[in-house]
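An overview of the molecular structure
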Amino acid sequence: CDGFFVGAAFAECSESMAWGIAAATILHEIPQELSDYLILTGPQVGLSTLKALAVNFATGLSVVLGAIIVLANDVESSTTGLLLA
């Protein structure tokens, strides 16, 4: 979902607002990805460091994919408003 928000922001908002939304998304994702890493390398899951980082990186790419989907399609302003609401 985060990628849709970032893509919609870059499609319809001012550049400074879009970068603000991107920065907020990044700041939101840092603790999320850190906690995911800690869970993946913990005793219950037990992935190696490299595998946990690879899984985290792969799931993090979904944000980029979401932004690309929104930017690649001709999304109407009213739909963008619904995405950002």
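Residues numbered from 1 in each chain as written. Predicted model: local features only at pLDDT ≥ 70, side-chain atom pairs only at ≥ 80, totals over all residues. Heavy atoms only, no water.

1. Some words on the overall build of the protein chain
This is how the line gets drawn: Helix and strand definitions follow DSSP, with helices as H or I runs of at least four residues and strands as E runs of at least two, each counted in order from the N terminus. C-alpha atoms define the radius of gyration in this analysis, and the globule rule sets the expected value at 2.2 Å times the number of residues to the power 0.38. Only protein chains enter the accessibility calculation, which uses a 1.4 Å probe. A residue is then buried if its area is under 20% of the maximum for its type, exposed if over 50%, and partly exposed in between. Throughout, a contact is declared for two residues whenever any of their heavy atoms are within 4.5 Å. Only the protein chains shown count as cover for residues, with accessible areas throughout obtained via the Shrake-Rupley method and a probe of 1.4 Å.
From N to C terminus, the protein chain includes four helices and zero strands. Going residue by residue from the N terminus, the α and β elements of the protein chain occur as α-α-α-α. For 85 residues, the compact-globule estimate of 2.2 N^0.38 gives 12 Å, and the C-alpha radius of gyration of the protein chain, at 15 Å, exceeds that figure by more than 25%. Considering only C-alpha atoms, the protein chain reaches an extent of 45 × 20 × 20 Å along its principal axes. Residues classed as buried in the protein chain amount to 22% of the 85 residues present. Summarising the internal contacts of the protein chain: among those between residues at least 6 apart in sequence, 51% fall at separations of at least 24. As displayed, the protein chain offers around 5800 Å² of accessible surface, 70% of which is attributable to carbon and sulfur atoms.

2. Looking at the packing of aromatic side chains
Cut-off, in case you're wondering: Two aromatic rings, drawn from Phe, Tyr or Trp (for Trp, its six-membered ring), form a pair once their centres lie within 6.5 Å of each other, and the interplanar angle then sorts them: stacked below 30 degrees, edge-to-face above 60, tilted otherwise.
Counted by the stated rule, this structure contains one aromatic pair. Each ring, one from Phe10 and one from Trp19, has its centre 5.0 Å from the other, and the planes form 85°; the classification is edge-to-face. What makes Trp19 exposed here is its relative accessible area of 52%.

3. Quick word on the packing of helix H1 (residues 2–12) against helix H3 (residues 49–72)
Two quantities define a packed helix pair, namely the angle between the helix axes and the distance between the axes. Keep this limit in mind: Think of each axis as a best-fit line through the C-alpha atoms, taken over the contacting stretch in the case of a helix, with angles from 0 to 180 degrees between the N-to-C directions. Any angle from 65 to 115 degrees is called roughly perpendicular, while one under 35 is roughly parallel, one over 145 is roughly antiparallel, and all others are oblique. Here is the rule for handedness: rotate from the far helix to the near one, and if that takes an anticlockwise turn smaller than a right angle the crossing is left-handed, while a clockwise turn gives right-handed.
Following both chains from N to C, one finds H1 and H3 inclined at 40°, their axes separated by 7 Å at the closest point. Taken as axis vectors, H1 and H3 run oblique relative to one another. The hand of the H1/H3 crossing is right-handed. Touching Asp2, Gly3, Phe4, Gly7, Ala8, Phe10 and Ala11 of H1 are Val63, Gly66, Ala67, Ile69, Val70 and Leu71, all from H3.

4. So, the confidence of the model for the protein chain
Our working rule: Confidence of the prediction at every residue is given by pLDDT, a number between 0 and 100.
For the protein chain, per-residue confidence averages 88 on the pLDDT scale, and 99% of positions sit at 70 or higher. The element-level mean pLDDT for the protein chain is lowest in helix H4 (residues 77–84), coming to 74, with helix H2 (residues 15–41) highest at 92.

5. A look at H2
For the α-helix, the turn length of 3.6 residues means that residues three or four positions removed from each other point alike. Convention followed: Expected span of a helix: the number of residues minus one, times 1.5 Å.
End to end, H2 covers 38 Å across 27 residues, agreeing with the expected 39 Å (1.5 Å per residue, within 8%). Those residues of H2 that sit buried are Ala18, Ala22, Thr25, Glu29, Glu33 and Leu40.

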